[in-house]
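Listed below, chain by chain, are the residues.
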Amino acid sequence: MFVHPDEDPRTDGGFQGERAVLVGYLRDQRLTLELKCAGLEAKALARRSVEPSNLSLLGLVRHLAGVEQYWFRQVMAGQDVRRHYRSEEDPTADFTGAVADPAVVADAWTTWRAEVAFAEQLVAQAPGLDVTGDNDGEPIELREVLVHMIEEYARHNGHADFLRERIDGRLGQ
């Protein structure tokens, strides 16, 4: 187990109302990512899964920072910002650039936390979940973005379970 059940920062559901449900489950998924990476040094966080995959826990943190940035800053807030860790020339740099360097690890966590904070503020200030953003010329409601983010984290947290088990044998909970 990653943490004793009495020390687990995640909730057990019990949210009231649509916004609270979506925000609560997304928060728990974000906390799960942090738990899966907890206590690991740069070398372990950058350890790849199996050839030919470039998947690593650090790559997932970098990737999810970019996913947060895309959906909340670009799509919902309409900001024109340069993507974190990736470009047209290297669209997988979020994973390929996930190297065993403490500075790269620190940058990834700082970037991810900043994007999560931006997203949380945007959602908290939104007048409703029917607020729309522009997803490549198509309108998309905030509620759909939140559901998509829960799905995105859930999928990648499943990857993180296997990566962590390979690193030190710890099983997900």
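A quick note: this is a predicted structure, and the numbers were derived from the prediction, not measured. Here, residues in each chain are numbered from 1, in the same order as that chain's written sequence. Given that this is a predicted model, residues contribute local features only at a pLDDT of at least 70 and side-chain atom pairs are listed and counted only at 80 or more, while totals for whole chains, interfaces and linings are drawn from all residues. Side-chain metrics in this entry use all non-hydrogen atoms of the structure; hydrogen atoms and water are not considered.

Next up on the list: the pattern of salt bridges. Basic side-chain nitrogens of Lys or Arg form a salt bridge, by our definition, when they fall within 4 Å of a carboxyl oxygen of Asp or Glu. Counted by the stated rule, this structure contains 11 salt bridges. Salt-bridge contacts for R73 lead to E115; the nearest nitrogen and oxygen are separated by 2.8 Å. Of this pair, R73 sits in helix α3 (residues 57–76) while E115 sits in helix α5 (residues 102–125), and the two are 42 residues apart along the sequence. The pair formed by R73 and E115 is uniform in burial state, with each residue classed as buried. Labels follow the DSSP assignment, with helices taken as runs of H or I lasting at least four residues and strands as runs of E lasting at least two, numbered in each case from the N terminus. Exposure classes here rest on a 1.4 Å probe applied to the protein chains alone. A residue is buried below 20% of its type maximum, exposed above 50%, and partly exposed in between.

Using a 1 Å grid laid over the protein atoms alone, points where a 1.4 Å probe fits but cannot get out form a cavity; open sets with protein on both sides within 12 Å along at least 5 of 7 lines form a pocket; any residue with an atom within 4 Å of a point counts as lining. Grid points are joined across faces, edges and corners, and a volume is the space filled by probe spheres set on the points. Overall, the coordinates contain 1 cavity of 30 Å³ or more when judged by the stated rule. Around the largest cavity sit R62, H63, G66, V67, R83, H84, R86 and D94, which together line it. The element contributing the most residues to the lining of the largest cavity is α3, with 4 residues. The residue makeup of the lining of the largest cavity, split by class, is 1 nonpolar, 3 polar and 4 charged. Under the convention adopted here, Pro, Cys and the residues Ala, Val, Leu, Ile, Met, Phe, Trp and Tyr are nonpolar, Asp, Glu, Lys and Arg are charged, and Gly plus all remaining residues are polar.

Further remarks concern the packing of α5 against helix α6 (residues 142–168). To get an axis, fit a line to the C-alpha atoms, keeping to the stretch in contact for a helix; angles then go from 0 to 180 degrees between the N-to-C directions. Remark: α5 packs on α6, axes separated minimally by 12 Å, with the N-to-C direction vectors making an angle of 150°. Where α5 crosses over α6, the two elements pack in a sense that is left-handed. Mapping the contact onto sequence places W112, V116, L122 and V123 in α5 and L142, L146 and Y153 in α6. Its residues placed into classes, the contact of α5 with α6 shows 7 nonpolar, no polar and no charged. The crossing is said to be left-handed when, going from far helix to near helix, the turn is anticlockwise and less than a right angle, and right-handed when the turn is clockwise. Contacts between residues were defined by any pair of non-hydrogen atoms, one from each residue, lying within 4.5 Å.

Turning to the packing of aromatic side chains, a few remarks are in order. Each Phe, Tyr or Trp ring (for Trp, its six-membered ring) is paired with any other whose centre lies within 6.5 Å, and the angle between the two planes then decides the class: stacked below 30 degrees, edge-to-face above 60, tilted in between. Applying the stated criterion to the full structure yields 3 aromatic pairs. Geometrically, the ring pair formed by Y70 and W71 is edge-to-face, given 5.0 Å between the ring centres and 80° between the ring planes. Under the relative-accessibility criterion, Y70 is labelled buried at 18%. A ring has a charge above it when a Lys NZ or an Arg CZ is no more than 6 Å from the ring centre and no more than 35 degrees off the ring normal. Seen from the ring of F118, R73 lies directly overhead, with NZ or CZ sitting 4.0 Å from the centre.

The next subject is the packing of α3 against α6. With their axes 10 Å apart at the nearest point, α3 and α6 run at an angle of 175° to one another. With respect to their mutual orientation, α3 and α6 come out roughly antiparallel. Residues that form the contact of α3 with α6 fall into these classes: 15 nonpolar, 4 polar and 3 charged. Under this scheme an angle from 65 to 115 degrees is roughly perpendicular, one under 35 degrees roughly parallel, and one over 145 degrees roughly antiparallel; angles in between are oblique.

None of this, on its own, says anything about what the molecule does.
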